[in-house]
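Breakdown of the fold
Here's the letter readout for the chains.
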Amino acid sequence: MRRLLLSLSAVALVSGFIAAPIASAQQSVGFYIGGFTPRALDARPDDDVLVQNGTFLSTLNQRRGIDIGEFNDVTIGGEWLFALGRRLEGGLGLGFYQQDVPTVYTDLVNIDGTDIRQTLKLRIIPFTATIRVVPFGNDQPIQPYIGAGVGVYSWRYSETGDFVYPGNDIHYRNFVATGTDTGPTILGGVRVPIGPVGVGFEIRHQSAEGTVPADELFTEGKIDLGGYNYLFTMNFRF
């Protein structure tokens, strides 16, 4: 219920802005591509599923624990921006990120000496409602901006492969957890209009946390959805 109320509050907030007379205001549709870097392991809670996995699983490049950098990958998305004045803008955006990371048991192997392998996969689809401040105005040749808002993050986390059960029995399984959680986002960037097109660079931080339910092998934990987005942006004004 708390998540639903937060989501409805965000929609109501944005609807209030849209309800203002913006028919004659400057609007744009933007697209972005860049990289998403999840929050570092030492900044995650102790019950985070990736922190817990690092006590017995290893990424292939490290062979001793989880290298969170292996979850870095491309993110893409789009955004509708509308002017709320010369120095203020509202925005609604939708993005996509997904990465799968192969892992092995750190200290256990199969009878034939081969690794016991799994694949960890994380997908995040953020819907964001933001407000930007353009301090020098949105009619300047160079337009730095800062902003903040709320994100609704639809996520899916899975672990697929061979797992060691009590008694050293190995079973293939596919564990999946999904959810939708809300959290704040802050951003800053700069854009340069070139005719009706604006190109730029943006850094965006997101923060949210989901719950991974318990099953016969794993205890209940969290999945930290936070991290930084480094984005190349392109906007088309109309």
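All residue numbers here refer to positions counted from 1 along the written sequence of the relevant chain. A pLDDT threshold of at least 70 governs which residues receive local features in this predicted model, and a stricter bar of 80 or more applies before side-chain atom pairs are shown or counted, although totals over entire chains, interfaces and linings include all residues. To get the side-chain values, all heavy atoms of the structure are used, and hydrogens and water are removed first.

Quick notes on the overall build of the protein
Heads up, the rule is: Strands are runs of DSSP state E lasting at least two residues, helices are runs of H or I lasting at least four, and both sets are numbered from the N terminus onward. The criterion used for residue contact is that any of the two residues' heavy atoms lie within 4.5 Å. We get accessible surface area from the Shrake-Rupley algorithm with a probe of 1.4 Å; when it comes to residues, only the shown protein chains can shield them.
Check the secondary structure of the protein and you find two helices and eleven strands. Seen in sequence order, the protein has helices and strands lined up from the N terminus as α-β-α-β-β-β-β-β-β-β-β-β-β. The long-range share in the protein, meaning contacts at least 24 apart out of those at least 6 apart in sequence, stands at 68%. Element-wise, carbon and sulfur atoms account for 62% of the exposed surface of the protein, whose accessible area totals about 11700 Å².

Looking at the packing of aromatic side chains
Rules: We call Phe, Tyr and Trp rings a pair once their centres come within 6.5 Å, taking the six-membered ring for Trp, and we label the pair stacked below 30 degrees between planes, edge-to-face above 60, and tilted otherwise. Classification of residues uses two cut-offs on accessible area relative to the type maximum, computed with a 1.4 Å probe and protein chains only: under 20% is buried, over 50% is exposed, and between them is partly exposed. Each ring is checked for a lysine NZ or an arginine CZ that lies within 6 Å of its centre and within 35 degrees of its normal; such an atom marks a charge sitting over the ring.
Under the criterion given, the structure shown has five aromatic pairs. Arranged with centres 4.6 Å apart and planes meeting at 45°, the rings of W80 and F82 form a pair that is tilted. Residue W80 is classed as partly exposed on the basis of its relative accessible area of 24%. The aromatic ring of F163 is capped on one face by R173, whose charged end is 5.9 Å from the ring centroid.

Digging into the side chain of T130
The test is simple: Identification of polar contacts relies on pairs of N or O atoms within 3.5 Å, with a donor-acceptor requirement for protein atoms, meaning one able to donate a hydrogen and the other able to accept it, and with residues adjacent in sequence counted only if both atoms are side-chain atoms.
In this fold, T130 is placed in strand β5 (residues 115-133). For T130, the side chain forms a polar contact with the side chain of R132, separated by 3.4 Å. Dropping the residues within four chain positions of it, T130 is found in contact with E79, E89, G90, G91, A148, G149, T185, L187 and R204.

With respect to a negative patch on the surface
The cut-off we apply is this: Like charges within 9 Å and nonpolar side chains (Val, Leu, Ile, Met, Phe, Trp, Tyr) within 5 Å are joined into patches, using only residues over 30% in relative accessible area that form no salt bridge. Only one rule defines a salt bridge in this text: a Lys or Arg side-chain nitrogen within 4 Å of an Asp or Glu carboxyl oxygen. Charged residues are defined narrowly, with Lys and Arg counted positive, Asp and Glu counted negative, and His plus the chain ends left uncounted. Positions of charges follow a simple convention, taking NZ of Lys, CZ of Arg, CG of Asp or CD of Glu.
A surface patch of like charges, here negative, comprises D46, D47, E209 and E220. Within the secondary structure layout, D47 lies in the loop between β1 (27-38) and α2 (49-53). Assessed through its relative accessible area of 34%, D47 is described here as partly exposed.

Some remarks on the side chain of N53
Within the secondary structure, N53 sits in helix α2. Within the local environment of N53, its side chain forms a polar contact with the side chain of E159, the two groups lying 2.9 Å apart. If we ignore the near neighbours within four places in the chain, the residues touching N53 are I66, L120, Y157, E159 and F218.

Some details on the nonpolar core
Note the following rule: By nonpolar core is meant a set of buried Ala, Val, Leu, Ile, Met, Phe, Trp, Tyr and Cys residues that side-chain atoms within 4.5 Å join together.
In terms of nonpolar packing, the biggest core is built from 27 residues, with F71 and I223 touching the most fellow members. Only α2, β4 (88-109), β5, β6 (143-165) and β7 (169-194) provide two or more residues apiece to this core. With six residues, the top contributor of residues to this core is β6. When neighbours within four sequence positions are excluded, I223 is seen to be in contact with D48, V49, L50, L122, W155, Y157, A208, E209, G210, T211 and V212.

Re the confidence of the model for the protein
What counts here: Known as pLDDT, the predictor's per-residue confidence is scaled from 0 to 100.
Predicted confidence across the protein gives a mean pLDDT of 90, with 89% of residues reaching 70 or more. Every residue in residues 14-24 is under pLDDT 50, and counting partners more than four places away or in other chains gives 14 contacts.

Regarding a nonpolar patch on the surface
On the surface, I142, V190, V192, I194, F201, I203, Y228 and Y230 cluster together into a nonpolar patch covering about 690 Å² of accessible area. Secondary structure elements with two or more residues in the nonpolar patch: β7, β8 (197-206) and β11 (227-237). The biggest single contributor to the nonpolar patch is β7, with three residues.

Observations regarding the pairing of strand β9 (residues 209-212)
Selection rule: Pairs of strands are assigned from DSSP output, requiring at least two bridges between the strands.
Alternating residues of β9 divide into G210 and V212, all buried, and E209 and T211, none buried. The pairing of β9 with strand β10 (residues 221-224) spans four bridges and is antiparallel. Counterpart to V212 in the pairing with β10 is G221.

Section: the environment of K222
Structurally, K222 is set in strand β10. Separated by eleven residues in sequence, K222 and T211 place their C-alpha atoms 4.6 Å apart. There is a polar contact of 3.2 Å between the side chain of K222 and the side chain of T211.

A word on the environment of P144
Its place among the elements puts P144 in strand β6. In this structure the C-alpha to C-alpha distance between P144 and F201, which are 57 residues apart in sequence, comes to 9.6 Å.

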